[in-house]
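The primary structure of each chain is shown beneath.
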Amino acid sequence: MGLTTAMEVEAMVRPVIEAAGLELVEVGFHRERGRRILRVTVDRDGGVDLDSVAEVSERISRRLDFEGFEPGPYELEVSSPGLERPLKEPRHFASRVGQRVKVRTAQPVDGARTHLGTIVATDARTVRLGTDTGERTISFDQITSARTVFEWGPDNKGGGRR
C-alpha cells in the first residue's frame, strides 16, 4: 500500500468503530523507543470498558489486514481518551459546552496563543470561551490543538465515597 496517512487509516477504521457503537476520537502514527505505533483512540458516552477496547482492537486489526495495510512493522494500540479528551471537530466542542478546555491557536487571539476557559457556545465556525479575562471567540481554523481539562475538586478527589 505504500505510505499510508492517518486520514487513510481513519477512513478504513471509522466504519468498524462506529459499527461497534463507539466514536473514533483520534488516529495517529507515533514513534516510541524505535517502534512505530498506530494509536487509535475511541470513546462513547459513559466511557469505554476494557472488553470493548479489546473487541474493537481485534476488529480494527482484521480490517487493516483485509485492506492490505502494510506500512512496515508497527504495533496497533487502541485506547480511550482518558480524563482529558482531545477536541478535533466542531461537534466535539459542541458536545462539551459548559466544560473547561485548553485551546492553542496558530496566531494570537486577544494577545494569547493558549486559552484556558469554559466553552460558552459554539457554531459551525467558532467556539466562544469564558476565560478569567472575559469571553473570547476563536475560529476553528485558528485552533492547532484543544482538549478538555480535568480539575480535581471536592467531588473527585479519588478513592471513591465511603
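Structure: above.
Nothing here was measured: the structure is a model prediction, and the numbers come from that model. (Residues numbered from 1 in each chain as written. Predicted model: local features only at pLDDT ≥ 70, side-chain atom pairs only at ≥ 80, totals over all residues. Heavy atoms only, no water.)

### A few points about the pairing of strand β7 (residues 134-139)
Next up, step 1: Relative to β7, strand β6 (residues 126-131) is paired through 6 bridges, and the arrangement is antiparallel. Residue Leu129 lies in a different strand from β7, and its bridge partner there is Arg136.
Next up, step 2: Where β6 hands over to β7, the hairpin turn is made up of 2 residues, counted between the paired strands. (Pairing = 2+ DSSP bridges. Helix = DSSP H or I, 4+ residues; strand = E, 2+ residues; numbered from the N terminus.)

### Some remarks on the environment of Leu64
Next up, step 1: Examined against the element boundaries, Leu64 turns out to sit in helix α2 (residues 50-66).
Next up, step 2: Along the chain, Leu64 and Val9 lie 55 residues apart, while their C-alpha atoms are 8.1 Å from each other.
Next up, step 3: If we ignore the near neighbours within four places in the chain, the residues touching Leu64 are Val9, Met12, Val13, Leu38, Phe69 and Tyr74. (Contact = heavy atoms within 4.5 Å.)

### Things to note about the sheet that holds strand β3 (residues 75-79)
Next up, step 1: Taken together, 3 strands build an open sheet; the order of strands is β1-β2-β3 and the sheet is mixed. In this open sheet, the two strands that pair with only one neighbour each are β1 (23-32) and β3. The mean angle between the axes of side-by-side strands here comes to 20°, regardless of whether they run parallel or antiparallel.
Next up, step 2: Of the pairings in the sheet, the one linking strand β2 (residues 35-43) to β3 comprises 5 bridges and is parallel in character. Opposite Ile37, over in β3, you have Glu75 as the bridge partner.
Next up, step 3: Sheet contacts for helix α1 (residues 6-19): β1 and β2; angle to β1, the most-contacted strand, approximately 140°.
Next up, step 4: With respect to the sheet, α2 is in contact with β2 and β3, its orientation differing from that of β3 by roughly 145°. (Axes fitted to C-alpha atoms, helices over the stretch in contact; angles between N-to-C directions.)

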